[in-house]
Amino acid sequence: MGRPATKTDLISAAGTNYEKLNAFISGLTEKELTTDFDFSGDEKKKEAHWKRDKNVRDVLVHLYEWHQLMIHFVDENRSGKNVQFLPKMYTWRTIASMNQLFWQKHQ
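Residues numbered from 1 in each chain as written. Predicted model: local features only at pLDDT ≥ 70, side-chain atom pairs only at ≥ 80, totals over all residues. Heavy atoms only, no water.

## Some thoughts on the nonpolar core
Grouped together as the largest cluster of nonpolar side chains are eight residues: Trp66, Leu69, Phe85, Leu86, Tyr90, Ile95, Met98 and Phe102. Those elements giving two or more residues to this core turn out to be helix H4 (56-78) and helix H5 (95-105). By residue number, the principal contributor to this core is H5, which donates three residues. Beyond its immediate stretch of four places on either side in the chain, Leu86 contacts Trp66, Leu69, Thr91, Trp92, Ile95 and Met98. (Core = buried A, V, L, I, M, F, W, Y, C linked by side-chain atoms within 4.5 Å. Buried < 20%, exposed > 50% of the residue type's maximum accessible area, 1.4 Å probe, protein only. Helix = DSSP H or I, 4+ residues; strand = E, 2+ residues; numbered from the N terminus. Contact = heavy atoms within 4.5 Å.)

Written out as structure tokens, the structure reads:
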């Protein structure tokens, strides 16, 4: 399938790819989920997420928290409440601290 061109195509592709991701993750061993990535040989990887997201489990936790944030945003706005995407105490410049909080919550 090419790039989705309609809302229906996008929803279908998202569902298909989500199922593929879940099947892939389900096939990983505990060791594969928790073995740390090694980026020590790449000088360009200095941003906070390269230190925070150390393994597949960390990346999945990060994605889960952002997914929950999106669900909350959509549900609240659909119910008539006009809420911003990011919680009030954060801005796009301070999301690194929010991401760190997500990570600490699951340690």
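That covers the picture; the talk isn't over yet.
## Some details on a nonpolar patch on the surface
Nonpolar side chains collect at one region of the surface, where Tyr18, Leu21 and Phe24 lie side by side and expose about 330 Å² of accessible area between them. Residue position: Leu21 is located in helix H1 (residues 7-26). The exposure class assigned to Leu21 is partly exposed, which follows from its relative accessible area of 38%. (Patch = residues over 30% accessible without salt bridge, like charges linked within 9 Å, V, L, I, M, F, W, Y side chains within 5 Å. Areas by Shrake-Rupley, 256 points an atom, 1.4 Å probe, with all protein chains shown as cover. Salt bridge = Lys/Arg side-chain N within 4 Å of Asp/Glu carboxyl O.)

## Here's the deal with the environment of Ala13
Here Ala13 is to be found in helix H1. Through-space distance from the C-alpha of Ala13 to that of Lys88 is 32 Å; in sequence the pair is 75 residues apart.

## What about the confidence of the model for the chain?
On average, residues of the chain carry a pLDDT of 86, and 92% of them reach 70 or more. Here helix H3 (residues 48-52) is the element of the chain with the lowest mean pLDDT, 67, and H1 is the one with the highest, 95. (pLDDT = per-residue confidence, 0-100.)

## Observations concerning the packing of aromatic side chains
Taken as a whole and assessed by the stated rule, the structure comprises four aromatic pairs. Relative to Trp92, the ring of Phe85 lies with its centre 6.0 Å away and its plane at 15 degrees, an arrangement referred to as stacked. According to the relative accessible area criterion, Phe85 is buried, its value standing at 19%. Joined through ring pairs, the aromatic side chains of Trp66, Phe73, Phe85 and Trp92 make up one cluster. (Phe/Tyr/Trp six-rings, centres within 6.5 Å; stacked < 30°, edge-to-face > 60°.)

## As for H4
Over its 23 residues, H4 extends 33 Å from the first C-alpha to the last, a length consistent with the 33 Å expected when each residue adds 1.5 Å. Listed as buried for H4 are Asp58, Val61, His62, Glu65, Trp66, Leu69 and Glu76. At the N-terminal boundary of H4, the capping side chain belongs to Asn55, with an oxygen 3.1 Å from the backbone nitrogen of Arg57. Where H4 terminates, the next one or two residues include Gly80, which has phi positive at roughly 100 degrees. (Expected span 1.5 Å × (residues − 1). Polar contact = N/O pair within 3.5 Å; in protein donor to acceptor, adjacent residues only side chain to side chain.)

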